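A closer look at the structure
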Amino acid sequence: MFNWSSLSDPTTYIDWRSNRLKAAEMALNQAPVVVSDLSNPGESAVSELKNRCDAANFALYTSVDSGDVSGQIPPVGNFAAAFGLQIAEAHRSADGTGVVALRVTDKAAQRGFIPYSSRAMNWHTDGYYNPTDARISAFILHCVRPADDGGVNQIFNPEILYIRLRDISPDYIRALMHPAVMTIPQNIEPDGSIRPVSVGPVFYGDARTGRLQMRYTARTRSISWNDEPVTQEAIAAITEILAANDPLMMQVALKAGQGILTNNALHNRTQFQNETKDAGRLMIRVRFHNRVQRKT
Ligand SMILES: [Fe+2]
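Notes on the structure follow.

Reading the values: rules and limits
Residues numbered from 1 in each chain as written. Predicted model: local features only at pLDDT ≥ 70, side-chain atom pairs only at ≥ 80, totals over all residues. Axes fitted to C-alpha atoms, helices over the stretch in contact; angles between N-to-C directions. Helix = DSSP H or I, 4+ residues; strand = E, 2+ residues; numbered from the N terminus. Parallel < 35°, antiparallel > 145°, perpendicular 65-115°, else oblique. Left-handed = near helix turned anticlockwise from the far one by under 90°. Contact = placed C-beta atoms within 7 Å. Nonpolar A, V, L, I, M, F, W, Y, C, P; charged D, E, K, R; others polar. Pairing = 2+ DSSP bridges.

**Points about the packing of helix 1 (residues 10-28) against helix 4 (residues 158-168)**
In the contact formed by helix 1 and helix 4, the axes pass within 10 Å of each other and the chain directions differ by 130°. The angle between helix 1 and helix 4 falls in the class oblique. Relative to helix 4, the crossing made by helix 1 is left-handed. Residues Arg17, Arg20, Leu21 and Ala24 of helix 1 form the contact with helix 4, whose own contacting residues are Glu159, Ile160 and Ile163. Residue classes in the contact of helix 1 with helix 4 are distributed as four nonpolar, no polar and three charged.

**Thoughts on the sheet that holds strand 4 (residues 121-124)**
Taken in spatial order, the four strands of this open sheet run 4-17-7-15, and their pairing is antiparallel. Taken across any chain shown, the strands that pair with only one partner, and hence form the sheet edges, are strand 4 and strand 15 (250-252). The average angle at which neighbouring strand axes cross in this sheet is 15°, direction not considered. Relative to strand 17 (residues 266-269), strand 4 runs antiparallel, the two being bridged by two bridges. What sits directly across from His124, in strand 17, is His267.

**Describing the packing of helix 4 against helix 6 (residues 229-243)**
Closest axis-to-axis distance for the helix 4/helix 6 pair is 11 Å, and the angle between their directions is 125°. Between helix 4 and helix 6, the crossing angle belongs to the class labelled oblique. Read as a crossing pair, helix 4 and helix 6 show a hand that is right-handed. In this structure, helix 4 uses Leu161, Arg164, Leu165 and Ile168 to contact helix 6, whose residues at the interface are Ala234, Ala237, Ile238 and Ile241. Classifying every residue of the contact of helix 4 with helix 6 gives seven nonpolar, no polar and one charged.

Geometry only, nothing functional implied.
Following this line, the structure appears as structure tokens:
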């Protein structure tokens, strides 16, 4: 069996690599899975979504429940339960359920934060600043209302990025597994609480399954990297790969009622424009501490 963290077994790597590349290519051409009722998604849709997440670390779904123009939140929490997902601790913007509405707002607690603006978001995985014992291994992004223009996401499976890097140099993988390779400094939150410094690897194993997970942000301010030359080279290689529109990246313009279920794949967002001031782009996001369950 392939162990991503062992760099000394090229034979199993070759098989795993070809299998992952094939799966990623297939994922680009699959129509979203139809989920007719988010609160009761049904066995065949759940099983298909589990398979796709296992193979490519993300899957798209389309629900008939297209949300509501009045801004009512669809039952994404119930939907998540079908995949054994454990909702992450109440985020500062959540209503205690872990469900976060991403929309342009000038509410004091969210003002100035890019997710709550119409600005572009650079490549990242969710919760890269979380402590080791509260990593984010999956999330759902569900579109209630798309923007009139823009707000397109790109998604990239971290396993494919791993392959691209390892193909250049296995030393890059080794450098990015270092337990102190990336540091996000302490931050004072808008409510005055302190988010402690977060030090950790870029590539690490999911706590329950050992599967490859990634902790990454393309931000260049308020971040520090291990200053070993090989680390610097590895980070530059990531930047280059992400900027180069890899053919296995997926571009998604979610429509109302559609969503992404993912084992925290890398993602970004283009800037967008809302024509209608009070009914602009509205996305629902829920984060989880574990990965989408595998089909049993
Ligand atoms: Fe995100």
